[in-house]
Amino acid sequence: MRLPRLFSETSHMTSTAAPTVETRYNGASVLITGGTGSFGHAMARRLLQTDCGEVRILSRDEAKQDAMRRELADERLSFHLGDVRNLRTVERACRQVQYVFHAAALKQVPSCEFFPLEAVSTNILGSANVIDAAQSSGVNAVVCLGTDKAVYPINVMGMTKALMEKVAQASSRNPRTSQTVVSTVRYGNVLYSRGSIVP
């Protein structure tokens, strides 16, 4: 039996490759919530290596914003002081934005155990604010950052991040008046990130 030579026989097919990070954000305005954290800092740096039009950072920490402003020193970088728990603040940050990376969260397992209602307010209700604001502002896409601890969660942090995923999924099931694409991703412990259990 002869198997088809897939790689040599598909050269006539039209390429449907997705845009790369170098081209997807050309001229776009991107908001990163929790943008002064480990992920936000790395993502902002990566976006500024492209032809991205603007990178907005929304976070609560003015000292980290100032340090990031000085370190990256790029006129395309702008900072918004605020909290995802405040819908009005998130709505203002989302104006005329095309993409949102939602990284703002309470991620320290012990802190969430001692203050579970704070974790609920930020990780669940704050995430709902980000999704609602993005949809009402006509954002193209929102990526909500999750965690491996949302799988069969045994602690408050994992439970609230699992519910964040449910909030994102529910937004796609409810009657759609917005074309905003909402997605979630999970990742585990990141080496050298703030609070990582791996050094």
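See the structure above.
Note that this is a predicted model, so its numbers are computed, not measured.

### A few points about the overall build of the protein chain
Reasoning step 1: Of regular secondary structure, the protein chain possesses 8 helices and 6 strands.
Reasoning step 2: Its helices and strands taken in sequence order, the protein chain reads α-α-β-α-β-α-β-α-β-α-α-β-α-β from the N to the C terminus.
Reasoning step 3: Taking as baseline every contact in the protein chain between residues at least 6 positions apart, the subset at least 24 positions apart corresponds to 68%.
Reasoning step 4: A total of about 11,700 Å² of accessible surface is found on the protein chain, and carbon and sulfur atoms cover 56% of it.

### As for the packing of aromatic side chains
Reasoning step 1: For the coordinates displayed, the defined rule picks out 3 aromatic pairs.
Reasoning step 2: With a centroid separation of 6.3 Å and an interplanar angle of 50°, the aromatic rings of F39 and F101 are classed as tilted. Placement of the pair is F39 in helix α3 (residues 38-47) and F101 in strand β4 (residues 99-102), with a sequence separation of 62 residues.
Reasoning step 3: Given the relative accessible area of 27%, F39 is considered partly exposed.
Reasoning step 4: Members of the aromatic cluster, connected to one another through ring pairs, are Y25, F39, Y99 and F101.

### Some words on the side chain of T160
Reasoning step 1: Here T160 is to be found in helix α8 (residues 156-173).
Reasoning step 2: The buried category is assigned to T160, whose relative accessible area is 4%.
Reasoning step 3: A distance of 3.0 Å separates a polar side-chain atom of T160 from the backbone oxygen of M157.
Reasoning step 4: Not counting residues up to four positions away in its chain, the partners in contact with T160 are A119, V120, N123 and I124.

### Some details on the packing of α3 against helix α4 (residues 62-72)
Reasoning step 1: Interhelical geometry of α3 versus α4 gives an angle of 25° and a closest axis separation of 12 Å. By the angle class used here, α3 and α4 are roughly parallel. When you trace α3 past α4, the crossing you get is right-handed. Two secondary-structure elements touch here, α3 through G40, H41, A44 and R45 and α4 through M68, E71 and L72.
Reasoning step 2: Of the residues in the contact of α3 with α4, the class split is 3 nonpolar, 2 polar and 2 charged.

### Topic: the pairing of strand β3 (residues 77-81)
Reasoning step 1: As judged from the 5 bridges shared by strand β2 (residues 54-59) and β3, these two strands associate in the parallel manner. Pairing of R56 across the sheet is with S78, part of β3.
Reasoning step 2: Taken together, β2, α4 and β3 constitute a β-α-β crossover, and its handedness is right-handed.

About the cut-offs
Residues numbered from 1 in each chain as written. Predicted model: local features only at pLDDT ≥ 70, side-chain atom pairs only at ≥ 80, totals over all residues. Heavy atoms only, no water. Helix = DSSP H or I, 4+ residues; strand = E, 2+ residues; numbered from the N terminus. Contact = heavy atoms within 4.5 Å. Areas by Shrake-Rupley, 256 points an atom, 1.4 Å probe, with all protein chains shown as cover. Phe/Tyr/Trp six-rings, centres within 6.5 Å; stacked < 30°, edge-to-face > 60°. Buried < 20%, exposed > 50% of the residue type's maximum accessible area, 1.4 Å probe, protein only. Polar contact = N/O pair within 3.5 Å; in protein donor to acceptor, adjacent residues only side chain to side chain. Axes fitted to C-alpha atoms, helices over the stretch in contact; angles between N-to-C directions. Parallel < 35°, antiparallel > 145°, perpendicular 65-115°, else oblique. Left-handed = near helix turned anticlockwise from the far one by under 90°. Nonpolar A, V, L, I, M, F, W, Y, C, P; charged D, E, K, R; others polar. Pairing = 2+ DSSP bridges. Right-handed = clockwise from strand over helix to strand, strands pointing away.

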